[in-house]
Amino acid sequence: MADGGRLFPMDNFIPGPESARDFRNALGRFATGITVVTAQTAKGPIGITANSFASVSLDPALVLWSPAKESQRFEAFVNAQKYAIHILAEDQMELCQTFAKKEHSFDGLSWTPCDNGVPLLDGCLARFECEKHADVDAGDHVIIIGKVLRASIREGAPLLFSGGQFGHFAPGH
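Asks: What should I look at first to understand the overall build of the protein chain in this one?
Replies: Along its length, the protein chain carries three helices and 14 strands. The dimensions of the protein chain, computed from C-alpha atoms along their principal axes, are 60 × 35 × 35 Å. Accessible surface, the protein chain as shown: approximately 10,900 Å² in total, 54% of it carbon and sulfur.

Asks: How should I be thinking about empty space enclosed by the protein in this particular structure?
Replies: Empty space left among the atoms is revealed by rolling a probe the size of a water molecule over them. All told, the structure shown has one cavity of 30 Å³ or more when counted by the stated rule. Each pocket or cavity is described by its volume, and for the largest cavity that value is around 40 Å³. Among the secondary structure elements, those contributing two or more residues to the lining of the largest cavity are strand E8 (82-87) and strand E11 (126-138). Its residues assigned to classes, the lining of the largest cavity comprises five nonpolar, one polar and two charged.

Asks: So what exactly am I meant to see when it comes to the packing of aromatic side chains here?
Replies: Any aromatic ring pair is given by two values, namely how distant the centres are and how the planes are angled relative to each other. The full count for this structure, using the stated rule, is five aromatic pairs. Considering the side-chain rings of Trp-65 and Phe-77, the 5.3 Å spacing of their centres and the 90 degrees angle between planes classify their relative orientation as edge-to-face. Here Trp-65 is found in strand E7 (residues 62-65), whereas its partner Phe-77 is found in helix H2 (residues 74-79), with twelve residues between them in sequence. When the centroid spacing of 5.0 Å and the interplanar angle of 55 degrees are considered together, the rings of Phe-161 and Phe-166 count as tilted. A relative accessible area of 24% places Phe-161 in the partly exposed class. Residue classification places Phe-166 among the partly exposed positions, given a relative accessible area of 36%.

What counts, and at which threshold
- The written sequence of each chain sets the order in which its residues are numbered from 1.
- Where local features are concerned, this predicted model is filtered to residues with pLDDT of at least 70; where side-chain atom pairs are given and counted, the filter is 80 or more; whole-chain, interface and lining totals use all residues.
- The side-chain numbers reported here are obtained from all heavy atoms of the structure, hydrogens and water having been left aside.
- Each helix is a run of DSSP H or I of at least 4 residues and each strand a run of E of at least 2, with the numbering of both proceeding from the N terminus.
- Residue-level accessible areas treat just the shown protein chains as cover; the underlying method is Shrake-Rupley with a 1.4 Å probe.
- Space inside and on the surface of the protein is sampled on a 1 Å grid over the protein atoms alone, with a cavity defined as a set of points where a 1.4 Å probe fits but cannot get out and a pocket as an open set with protein on both sides within 12 Å along at least 5 of 7 lines; lining residues have an atom within 4 Å of a point.
- Grid points are joined across faces, edges and corners, and a volume is the space filled by probe spheres set on the points.
- Note on residue classes: Ala, Val, Leu, Ile, Met, Phe, Trp, Tyr, Cys and Pro are nonpolar, Asp, Glu, Lys and Arg are charged, and everything else, Gly too, is polar.
- We call Phe, Tyr and Trp rings a pair once their centres come within 6.5 Å, taking the six-membered ring for Trp, and we label the pair stacked below 30 degrees between planes, edge-to-face above 60, and tilted otherwise.
- Only protein chains enter the area calculation, which uses a 1.4 Å probe; residues under 20% of their type maximum are buried, those over 50% are exposed, and those in between are partly exposed.

Pasting the structure below:
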C-alpha cells in the first residue's frame, strides 16, 4: 500500500503455535460486525456472541458462522437444527457482553420465541432465522452453514469489532 508514494512496511511471519498472537493480531485488522446466535435446548434458550458471521449464497439463501470447539456452548449449537443469528446495533453492547459471558442469559431481555421455539431478540439491526444446511470441520472451529428461512431488517448503525475493541461505523471517514 502506498500513501503519497510511501510504502507501509509490514512484518512477515509464518502462522503457527509460536506466532499465534501475531496471527490473531493480523486477523484483528479486519473489522467485523457482532452477532448473537440463539437456539432452544432441553435446558431452555441459549445464546452466544459471535463475530464469525458471513453470507454464503443468495440463491439459496445461506449464511455461516463458526463456533469454537473449546466453547462450553459448542455442543448445543453444533447440534441445533434451528437457530437465529442477530446482527447487533451500535447501542447493543450490553447484549453483546451478556452472551459473551453467559449462555442462558435471557432474564430481563426483550425476546420472543418463534414458531419453532428459537429465541428471537428484539432491537437488532437484522435477524436470520435458520435451519442447519451443513457443518464443515475447520481446525479448532466448525463452520455451520444455515439456510435462511426468514429474515428481518431495520435501519440503524452496527456494533463493530476490530483489533480487540468495540466501536461503531462513521460514514465518510
